[in-house]
Amino acid sequence: MYLLNFIEMSLENYLFKKNYYCIELKKIKTNHFELKAKINGVKGRFILDTGASNTCVDFSLADQFKLKTEESEIKAAGAGATDMETKQAINVKIKIGKWHYHNLHLVLFDLKHVNKALVEHHAKPIDGIIGADILKKGKAIIDYDKKQLFLKKKIFLY
C-alpha cells in the first residue's frame, strides 16, 4: 500500500509532505546547475557543486556580501588549480529559496579561473559555489531530470 501511494505521488509532493523546500535549478551551457542564493541578504549567482566540500565566494566579493574575513591556513584545490590561497568568513547567513542557515563557515578564494572557463563556454560568471556543506546541512535531494534541489526545513521544537 505504501509503495503504491508513493508511486502515485510525485517526488516533489512526497518531499513537501516530509518538510522539504523545492528550489528550481537552471542548467547552464557547461551542464552545471546554477541557482540564486542570498548571502547576508545580498543576492548572488552560484553553481551547485556536489564535489566541492565547502561553499565558496570569490575574494573580490567579500565587501559586496558583507563578509568579515579572516586568514585561513587551508589551501583550496579545484579543477585545474591547486594550492590556492583562501580566507574564511564565519557566522554567515545564507538563504536559498525559502531555506536558510545562520551559522555558515564560508571559504573565499579567487574564482577567476572558474569564471574564465564559464565565459569561454558562453556562460555567465558566478559569484560562488554551493558545496556539499550546504547539501549536508539541508539533507539535500537533487532531482536531475526536473532540475530541482530539495532542502529540508528546520523544525524547531519548543
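Going by the structure above, here's the rest.
Cut-offs and rules
Residues numbered from 1 in each chain as written. Predicted model: local features only at pLDDT ≥ 70, side-chain atom pairs only at ≥ 80, totals over all residues. Heavy atoms only, no water. Core = buried A, V, L, I, M, F, W, Y, C linked by side-chain atoms within 4.5 Å. Buried < 20%, exposed > 50% of the residue type's maximum accessible area, 1.4 Å probe, protein only. Helix = DSSP H or I, 4+ residues; strand = E, 2+ residues; numbered from the N terminus. Contact = heavy atoms within 4.5 Å.

A. Broad picture of the nonpolar core. Formed by 29 residues in total, the largest nonpolar core has its most connected members in Ile39, Leu67, Ile94 and Ile96. Listed by contribution, the elements that provide at least two residues to this core are β3 (33–39), β4 (42–48), β9 (87–96), β10 (99–109), α4 (132–137) and β13 (148–152). With residues near it in sequence (within four places) discarded, Leu67 still touches Ile39, Asn40, Val57, Ala62, Ala89, Val92, Leu106 and Leu108. Judged by nonpolar contacts, the second largest core, of 11 residues, contains Ile28, Ala52, Cys56 and Ile126.

B. Just unusual backbone geometry, in detail. One non-glycine residue, Asn40, adopts positive backbone phi at about 50°. Position of Asn40 relative to the elements: it lies in the loop between β3 and β4. A positive phi angle is found at Asn91, which is not glycine, with a value near 55°. Its place among the elements puts Asn91 in strand β9. The exposure class assigned to Asn91 is exposed, which follows from its relative accessible area of 53%.

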